[in-house]
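Overview (structure and organization)
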Amino acid sequence: MTLESLSKPTPVLAAADDAGTASNSVSTPSATPPQLSQKILKEDAQGYITPVFEGKGDQLVQVVDLLDEKGFIPETLVENEAGWFYTHLGIDDQYFKHEKTDTISSIVLQLYAAKVSAFSRPDKDVEIRLDREEDDHAVYIDTSTPGVSVLQGPQFESRIDEKYLDVSTPEKAFRVETFRSNSPLIASAPTDQRLRCYFCYKCDFVNPTPDEGETDLAVVSDKTFLEKVTPNTKKIYQSVVTQVVERRTGPVIQMYEIEGSQERRLVVGYKQRSTMGMFSALSDLYHYYGCTSSRKYTEQFSNGVTVMSIYLSPLPPKPGRRSPKYPPIDDSVQQIMKEISLLFCIPQNMFQHRFIQGELSLQETIYAHCTSIFISHFLNRLGPEFEALSELLDIQKSEHAEILGKLKRRLRQETFTPEFIFEVIDQNPELVRALYLSFANTHYVQTRGDQDNFIPTLSYQRLQMDRVLSNEELETKIARTVANENQEKVMKMFIIFNTHILKTNFYTPTKMAVSFRLNPKFLPSKEYPQPLFGMFLTVGSEFRGFHLRFKDVARGGIRIVKSRNKEGWSINARSIFDENYNLANTQQRKNKDIPEGGSKGVILLDADHQDKATVAFQKYIDSIMDLLLPPTSPGIKDPIVDLHNKPEILFMGPDENTAGLVDWATEHAKARGAPWWKSFFTGKSPRLGGIPHDVYGMTSLSVRQYVEGIYRNLNIDPSTVRKLQTGGPDGDLGSNEILLSNEKYVGIVDGSGVIVDTNGLDHDELIRLAKARKMISEFDISKLSPEGYRVLVDENNVTLPNNEVVVNGTIFRNTFHLRSDIKYDIMVPCGGRPEAIDLANVNNLIKDGESVIPYVVEGANLFITQDAKLRLEKAGCILYKDASANKGGVTSSSMEVLASLAFDDKGFAEDMCVGADGEIPAFYKEYVKTVQRTIQNNARLEFEALWREAEKTGKPRSILSDELSVAITNLDEELQQTDLWNNVALRTSVLNEALPDKLIERIGLETILGRVPENYLKAIFGSYLASRFVYEYGSNPTQFSFFDFMSKRMAKLQN
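Residues numbered from 1 in each chain as written. Predicted model: local features only at pLDDT ≥ 70, side-chain atom pairs only at ≥ 80, totals over all residues. Heavy atoms only, no water.

Right, let's get into the overall build of the chain. Looking only at helices and strands, one finds 40 helices and 27 strands in the chain. When burial is assessed residue by residue, the chain has 58% of its 1055 residues classed as buried. Taking as baseline every contact in the chain between residues at least 6 positions apart, the subset at least 24 positions apart corresponds to 72%. Just so you have it, the chain exposes about 41,900 Å², and 49% of that area is on carbon and sulfur atoms. (Helix = DSSP H or I, 4+ residues; strand = E, 2+ residues; numbered from the N terminus. Buried < 20%, exposed > 50% of the residue type's maximum accessible area, 1.4 Å probe, protein only. Contact = heavy atoms within 4.5 Å. Areas by Shrake-Rupley, 256 points an atom, 1.4 Å probe, with all protein chains shown as cover.)

This is how it looks when you write it as structure tokens:
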């Protein structure tokens, strides 16, 4: 081989030929649904028309002159090298039109240098690594072997994902074109190296800000795309874009056969920023199934849609090609189509390198990824040694409880770290395959029969060829394979995961995230004494999430947890499940008056995706709905294995960072055909029948009953009470507490900082902020007395009136509630992070054995830990915990759910939905008043019951609150299992009392009983009887008390 032979212009990349004669019609699709469909293209194989750059010839001459001047390339070869770059690499005229001549000459020179280098190498490999990045475009040129993904090298596709595609939005988007050579760079070389060129261009949209829901490509397309696209390809893109917009979630996947060839065109559409790393991940996927691509296009549209178009061909036979036997091209492409949805959920899983190397399939790596997350949350348990120690120590003693608390946090942090878990799993791919088989053997549904070529996958074929091991055999295999006991514990958690999965959407053809409905019985009772009824785990590319509930019929909010940095994320990840459990448990206790038990959902955004709250929420909701709704669209939502085998309905609501997303969830449930869409989410906007808690002060109405109850029973004039509040006038609870109260505020802590005035903050100014929902940073400080001050979180070195210097405003804000130098009578937490007061810091609020705070009404959830509450009560504080005080919102939400279930769609729209003109239906107004009265009545009943029990028994109110909640919920469940429900007269009487009178008047009891699910009606029946009994007789009644209670009720029926 001579140097001259390297420079001969070989046809390595075919340019896109003019397809102006292509057919304008798209052929009729097959029976496969459009979201996952296959069609045949008789013409229009290229799909794009190459534009003509009239100045290309002149530019080529200039480039040749520049190369001559540089003198590195022999003069006799310059024209060949430049001509080769211009005419044989598939680079269209758009690139040459926008690129500078000195840049082009530099690239040609680098390509030639790579050839010279290859000539001197024994293996004759040509290594070309060229990249050029400008503000509005980028060029990458690389050599690679068809069908092979690599873990080393420049990783241009990953870079394109990160810099151009993952971050594309309608405001700034990039389209990508890429071409691969049709033949090796050096025919005589032992390797099959070819050239791949990538071109990224900033989009120039026809209309950068189209109307919402706009799908017309003539409006939302990039101008260059419209110039180049053929009519037939435009129709294909139009179909995909329309489906993405109308479906709103998940990928749209279509495949087209190129008639007369083995080439297949794969088209994938999805919403921008709804997945990450998809461009490079797709390459790994089709390489795994023995395919290569000749060209790929990624188009962006100003309505927020991304469409990728990939031309796939089977790998030609080649000695040394990796070993798996690839299926025929059609089977390969069908399997690629099927697995794109899984890839969309988690494009870059933590075991991706095993997939790239062909050691594990995509299913196996994503299964391992999800299981690893499960293990990281549930293997970090405390073990029998901690349980033994906790039994030896007296947790009533503060020093013992503090030691146990610190030890618990350290054990969970230092044992079985995520890094260790990853290493163990990564070192044992053979075990992963065996464990995956056990999972697949249970949950894989073969929906189309043995002969359907849509079914085969390498994992599925393995399932057919390899024997599925029993759990005992798996345990033996693990024990023989791993190196030590800790590794054995990690790998055995796979078995626990497998055996507790009741259903999953893992094999659903289209999905947004991977979800698992788990049987929660694996949780240790020592750490989680209150058993869960249901548990969901969801895993997406931007988040992980849980949903926990304590009863079949349960309701609670969904919150999104954000982290300031990676360290904060690690802390949140370690505690997220326990926080979720505790929040749901608190909800269970506060839901004592209503039919729904307690539940809660938590979404933890990954450290690198803190800006993806909306996308994560949508994926979380949609993936859980996959497990709640029966499949109605074959090929889109196929049947799943349901080991729970009972219908499930979840009732959800807003919480931290999700208030603005509730309407989407409601409308999405309706779009997916959920019969319970009206009741799926509370807290939705009034136009969808929601009753906003903040507008009507629902939560605050309950809190105020406890505050006013203390004043009433102790004969205190509220206007003389000095008050500290956490959670400011910008929040729901904080603003309404200010609007409803008449105490003298001496301090408020909110997200912006701290404001204090021992003479009392100006009440009119607080009212102004509360009505405007503004933070105390907006407080007019001219209205502070000389003793007053305000310190904001971004302020440092602030001197207070007493000459104290605040070094750091954020630290001052975060710890202000622990100060004892500010004298006040009552603290009402209306906001703040959970466990703001715990056993480690509660002593700051206790001086000489006495609480510096006489009264606390805990409006914010979990603001004070239970052990800290007990310390404060022991020191003389009258304290009402969140589970009792903060239940107005849940009562309002429950009655919103009831109305949603009781009305049909027509009646719901007429009586519960506020019109577009803002007109509030008359029934809605009256129903809101009924809800408010119910909240106040329930809160007053519980307050008086707790006050009475505390006076009688001397027990801490924090314990009495739990006892009362447990007594009601236990009796509720028992009553639902008795024959009392079958007593029609009693049932009718109880429901007449329990159901809102306005609802009965409007709809009629019989109609309500016919529409509301029976299990929900039973829950109303049981919770109403149980709460009324316990509020009257206490949480520890005599054995004759219930008989007396029921005798009185039955006597009423006779009258």
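In contact at an axis separation of 10 Å, helix 36 (residues 984–994) and helix 40 (residues 1041–1054) are set at 100 degrees when each is read in the N-to-C sense. In terms of axis orientation, helix 36 runs roughly perpendicular to helix 40. Of the residues in helix 40, those in contact with A985, L986, S989, V990 and E993 of helix 36 are M1046, R1049, M1050 and L1053. Split into classes, the residues belonging to the contact of helix 36 with helix 40 amount to 6 nonpolar, 1 polar and 2 charged. (Axes fitted to C-alpha atoms, helices over the stretch in contact; angles between N-to-C directions. Parallel < 35°, antiparallel > 145°, perpendicular 65-115°, else oblique. Nonpolar A, V, L, I, M, F, W, Y, C, P; charged D, E, K, R; others polar.)

With 20 residues, helix 39 (residues 1014–1033) ought to run about 28 Å at 1.5 Å a step, and its terminal C-alpha atoms sit 28 Å apart, in line with that. By the criterion of burial, helix 39 is predominantly enclosed, with 16 of the 20 residues buried. Backbone geometry just after helix 39 places G1034 at a positive phi near 90 degrees. (Expected span 1.5 Å × (residues − 1).)

The next subject is the confidence of the model for the chain. Taken as a whole, the chain shows an average pLDDT of 87; of its residues, 88% reach a score of 70 or greater. Within the model, the stretch residues 1–35 combines pLDDT values under 50 with 90 contacts to residues more than four positions away or in other chains. Per-residue pLDDT stays below 50 along residues 451–458; that stretch engages in 21 contacts with residues further than four places along the chain or on separate chains. (pLDDT = per-residue confidence, 0-100.)

The next subject is unusual backbone geometry. A positive phi angle is found at N657, which is not glycine, with a value near 65 degrees. Of note, N657 is situated in the loop between strand 16 (651–654) and helix 23 (662–671). In this structure, R773 takes a positive phi of about 55 degrees despite not being glycine. Along the polypeptide, R773 turns up in the loop between helix 28 (763–772) and strand 20 (789–792).

Read from one edge of the open sheet, 7 strands run 20-19-18-17-23-26-27, paired in mixed fashion. Every interior strand has two partners, whereas the edge strands, strand 20 and strand 27 (878–880), have only one. Adjacent strand axes in the sheet meet at a mean angle of 10 degrees, parallel and antiparallel pairs treated alike. Bridging between strand 17 (residues 722–726) and strand 18 (residues 744–750) involves 5 bridges; their strand directions are parallel. Paired with R722 across the strands is K744, a residue of strand 18. (Pairing = 2+ DSSP bridges.)

Inspection of the secondary structure assignment puts R555 in strand 14 (residues 554–561). Despite its burial, R555 pairs with no opposite charge, the nearest such side chain being E596 at 5.3 Å. A polar side-chain atom of R555 sits 3.0 Å from a polar atom in the side chain of T682. (Lys, Arg positive; Asp, Glu negative; His and termini not counted. Salt bridge = Lys/Arg side-chain N within 4 Å of Asp/Glu carboxyl O. Polar contact = N/O pair within 3.5 Å; in protein donor to acceptor, adjacent residues only side chain to side chain.)

The next thing to look at is the pairing of strand 3 (residues 137–144). With respect to burial, strand 3 is a largely interior element, 7 of its 8 residues being buried. Bridge count between strand 2 (residues 129–133) and strand 3: 5 bridges; the pairing is antiparallel. If you follow E133 over to strand 3, its bridge partner there is A138. Linking two consecutive strands that pair antiparallel, namely strand 2 and strand 3, is a turn of 3 residues. Two strands pair when backbone bridges link them, and strand 3 and strand 5 (residues 194–202) are joined in this way by 8 bridges, in the antiparallel orientation. Among the inter-strand pairings, A138 is bridged to a residue of strand 5, identified as C200.

For helix 11 (residues 329–345), built from 17 residues, the straight-helix expectation of 24 Å at 1.5 Å per residue is met to within 8% by its first-to-last C-alpha distance of 25 Å. In terms of burial, helix 11 is largely enclosed, as 16 of its 17 residues are buried.

To continue, consider the packing of helix 34 (residues 922–953) against helix 39. Two numbers describe a pair of packed helices, the interaxial angle and the distance between the axes. At their nearest, the axes of helix 34 and helix 39 sit 8 Å apart, and the two run at 35 degrees to each other. Relative to helix 39, the crossing made by helix 34 is left-handed. Contacts between helix 34 and helix 39 involve N937, N938, L941, E942, A945 and R948 on the former and, on the latter, R1028, Y1031 and E1032. Its residues assigned to classes, the contact of helix 34 with helix 39 shows 3 nonpolar, 2 polar and 4 charged. (Left-handed = near helix turned anticlockwise from the far one by under 90°.)

This part is about the side chain of S894. Locating S894 in the fold gives a position in helix 32 (residues 888–902). For S894, a relative accessible area of 4% puts it in the buried group. Among all residues touching S894, those that are not within four sequence positions of it are R555, I594, P595, E596 and Y1016.

By secondary structure assignment, the location of G915 is in the loop between helix 33 (905–911) and helix 34. Sequence-wise, G915 and P686 are 229 residues apart; in three dimensions their C-alpha atoms are separated by 8.4 Å.

As summarised here, the arrangement of the 7 strands in space is 10-11-12-13-15-14-16, forming an open sheet in which the pairing is mixed. Unpaired on one side and paired on the other, strand 10 (501–504) and strand 16 mark the two borders of the sheet. The mean angle between the axes of side-by-side strands here comes to 20 degrees, regardless of whether they run parallel or antiparallel. Looking at chain direction, strand 10 and strand 11 (residues 514–518) are connected through 3 bridges and run antiparallel.

One pass over the full model with this rule turns up 56 aromatic pairs. When the ring of F378 is compared with that of F577, the centres are 4.7 Å apart and the planes differ by 80 degrees; the resulting orientation is edge-to-face. Here F378, found in helix 13 (residues 362–378), pairs with F577, found in helix 21 (residues 566–590); they are 199 residues apart in sequence, far enough to count as distant. As far as burial versus exposure is concerned, F378 and F577 are alike and both buried. Ring geometry for F506 versus Y507: centroids 5.0 Å apart, planes at 70 degrees, classification edge-to-face. Joined through ring pairs, the aromatic side chains of F374, F378, F497, F516, F522, Y528, F546, F550, F577 and Y581 make up one cluster. Directly above the ring of Y311 sits R295, whose terminal nitrogen or CZ lies 3.7 Å from the centroid. (Phe/Tyr/Trp six-rings, centres within 6.5 Å; stacked < 30°, edge-to-face > 60°. Lys NZ or Arg CZ within 6 Å of the ring centre and 35° of its normal.)

Moving on, we get to the pattern of salt bridges. Between side chains of opposite charge, a pair can form as their charged atoms come close. This model, assessed by the stated rule, comprises 67 salt bridges. Here E648 makes a salt bridge to R517, at a shortest N to O gap of 2.9 Å. Pair noted here: E648 is in the loop between helix 22 (613–626) and strand 16 and R517 is in strand 11, with a separation of 131 residues, a long-range link. Exposure class is identical for E648 and R517. Each is buried. The closest approach of N and O atoms between E993 and R1049, which form a salt bridge, is 2.7 Å.

The subject of this paragraph is a negative patch on the surface. Residues D65, D68, E69, E75 and E79 make up a contiguous surface patch of negative charge. At the level of secondary structure, the elements contributing two or more residues to the negative patch comprise helix 2 (56–70) and helix 3 (75–87). Here the element with the most residues in the negative patch is helix 2; it accounts for 3 residues. (Patch = residues over 30% accessible without salt bridge, like charges linked within 9 Å, V, L, I, M, F, W, Y side chains within 5 Å. Charge placed at Lys NZ, Arg CZ, Asp CG, Glu CD.)

Before going further, it helps to examine the environment of Y696. In this fold, Y696 is placed in helix 25 (residues 693–696). The exposure class assigned to Y696 is partly exposed, which follows from its relative accessible area of 23%. Residues Y696 and K929, spaced 233 residues apart in sequence, show a C-alpha to C-alpha distance of 9.2 Å. Residues in contact with Y696, not counting those within four places in the same chain, are I691, L701, I920, Y924, V928 and Q932.

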